[in-house]
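Below, each chain spelled out in residue letters.
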Amino acid sequence: MMKTKAMLVMMMPALFIGCTVLSFYPLYTEDTLIRDDRISGKWYTTDNTTDTIIWDISFPENIQANLTHAFAVGADEAIPNSYAYTLNMYNQHEPETAAEFILHLVKLGDQVFVDFFPIDWEEIFDNTLLVFHLMGVHTFAKIEFGEQITINWFDAELMQTLFNENRIRVRHENNGVYTLLTAKPDELQKFVQKYAGEKSAFSEDLLFQLSKY
């Protein structure tokens, strides 16, 4: 069970390492955060090769201060929530293995994106030394609302090609295995807006259609 839960926690964003863009900083700033409760509810995704995964998204009345926005302090202080959603993701047949993420909706121009960040993931690992070597990262995806919710992450392979060709000038680090964006949110937003309208900038393998459960 512990192993299963660990896999779910790492599913997003860690399972996407090498597939989508990873960022040290969040995509959002105070002025770009929005609330849209169409995202709330219980959803599911499935295909022919994986189990049904439940996405249980809610908007808590109160939330820890350090989860409300990028620069808050007071991790143990519960304050009224304005923009943060919580996502509990789990295998349909193993609800006890739920992994939790914090979501923020970000409006840039006429496009909306969702920023994902794992929370409480340290608690599932028994090895303290291992936890010391782990760090959460942000991922962000385009989100579109309809009868289904469409979530589509950026294509890391394409982004790396553009980096190699010096066609993207956004701060990042590459250790030969992973590329991590290190730009602050304002710079990230310019980067995202530049490519938001290009279909090729998004990964077909990381396109999820969320249906009502």
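Up top is the structure these notes are about.
Okay, so let's go over this structure. (Residues numbered from 1 in each chain as written. Predicted model: local features only at pLDDT ≥ 70, side-chain atom pairs only at ≥ 80, totals over all residues. Heavy atoms only, no water.)

1. Some remarks on the overall build of the protein
- On a plain count of helices and strands, the protein comes out with four helices and 14 strands.
- The buried share of the protein, reckoned over its 213 residues, is 46%.
- Restricting to contacts in the protein with at least 6 residues of sequence separation, those with at least 24 account for 63%.
- Looking at the protein as shown, the accessible area adds up to about 11600 Å², and 49% of this sits on carbon and sulfur atoms. (Helix = DSSP H or I, 4+ residues; strand = E, 2+ residues; numbered from the N terminus. Buried < 20%, exposed > 50% of the residue type's maximum accessible area, 1.4 Å probe, protein only. Contact = heavy atoms within 4.5 Å. Areas by Shrake-Rupley, 256 points an atom, 1.4 Å probe, with all protein chains shown as cover.)

2. Observations concerning unusual backbone geometry
- The backbone of Asn166 sits at a positive phi, close to 60 degrees, despite the residue not being glycine.
- Relative to the assigned elements, Asn166 resides in the loop between helix H3 (156-164) and strand S12 (172-174).

3. Describing the packing of aromatic side chains
- Summed over all chains, the structure comprises 11 aromatic pairs.
- Consider the rings of Phe140 and Phe154, whose centres lie 6.3 Å apart with planes at 80 degrees: the pair is edge-to-face. Linking Phe140 in strand S10 (residues 139-145) with Phe154 in strand S11 (residues 149-154), this pair joins segments that are 14 residues apart in sequence.
- Taken together, the aromatic side chains of Phe113, Phe140, Phe154, Phe191, Tyr195 and Phe202 make up a single cluster linked through ring pairs. (Phe/Tyr/Trp six-rings, centres within 6.5 Å; stacked < 30°, edge-to-face > 60°.)

4. Describing the pairing of strand S14 (residues 202-212)
- Bridge analysis of strand S3 (residues 41-45) against S14 gives two bridges, and the strand direction is antiparallel. Pairing of Trp43 across the sheet is with Lys212, part of S14.
- Both S11 and S14 contribute to a ladder of five bridges, which runs antiparallel. Bridge pairing in S14 places Thr150 opposite Gln209. (Pairing = 2+ DSSP bridges.)

5. Concerning the environment of Arg167
- You can see Arg167 is positioned in the loop between H3 and S12.
- Those residues in contact with Arg167 that lie beyond four places of it in its chain are Leu162, Lys194 and Tyr195.
- A distance of 2.9 Å separates polar atoms of two side chains, one belonging to Arg167 and the other to Glu165. (Polar contact = N/O pair within 3.5 Å; in protein donor to acceptor, adjacent residues only side chain to side chain.)

6. Focus on H3
- Considered for burial, the residues of H3 that qualify are Ala156, Met159, Gln160, Leu162 and Phe163. Within H3, the buried residues cover an arc of 160 degrees as seen down the axis, which keeps them to one side. Exposed side chains of H3 directed beyond 90 degrees from the buried face belong to Glu157 and Asn164.
- Where H3 is buried, its residues touch S11, S12, strand S13 (179-181) and helix H4 (185-195).
- Between the side-chain oxygen of the N-cap and the backbone nitrogen of Glu157 there are 2.9 Å, and the N-cap of H3 in question is Asp155. (Arc of directions from axis to C-beta.)

7. Overview of the pairing of S3
- Pairing of S3 with strand S4 (residues 53-58) involves five bridges; the strand directions are antiparallel. What sits directly across from Tyr44, in S4, is Ile54.

8. Re H4
- Turning to H4, its buried residues are Pro185, Leu188, Gln189, Phe191, Val192 and Tyr195. Here the buried residues of H4 occupy an arc of 165 degrees about the axis, which is enough to place them on one side. Opposite its buried face, H4 presents the exposed residues Asp186, Lys190 and Lys194, each directed more than 90 degrees away.

9. Looking at the sheet that holds S13
- Strand order in the open sheet made by the three strands is S1-S13-S12, with mixed pairing throughout. Because the sheet does not close on itself, it has two edges, and the strands there are strand S1 (22-23) and S12.
- Alignment of S1 against S13, held across two bridges, turns out to be parallel. Bridge pairing links Ser23 to Leu181 in S13.

10. Notes on the pattern of salt bridges
- A full pass over the atoms with the stated rule returns four salt bridges.
- For Arg38, the salt bridge identified is with Asp36, shortest N-O distance 2.7 Å.
- For Arg38, a relative accessible area of 51% puts it in the exposed group.
- Between Glu187 and Arg171 there is a salt bridge, with its nearest N and O atoms 2.9 Å apart. One end of the pair, Glu187, is in helix H4; the other, Arg171, is in the loop between H3 and S12, with 16 residues separating them in the sequence. (Salt bridge = Lys/Arg side-chain N within 4 Å of Asp/Glu carboxyl O.)

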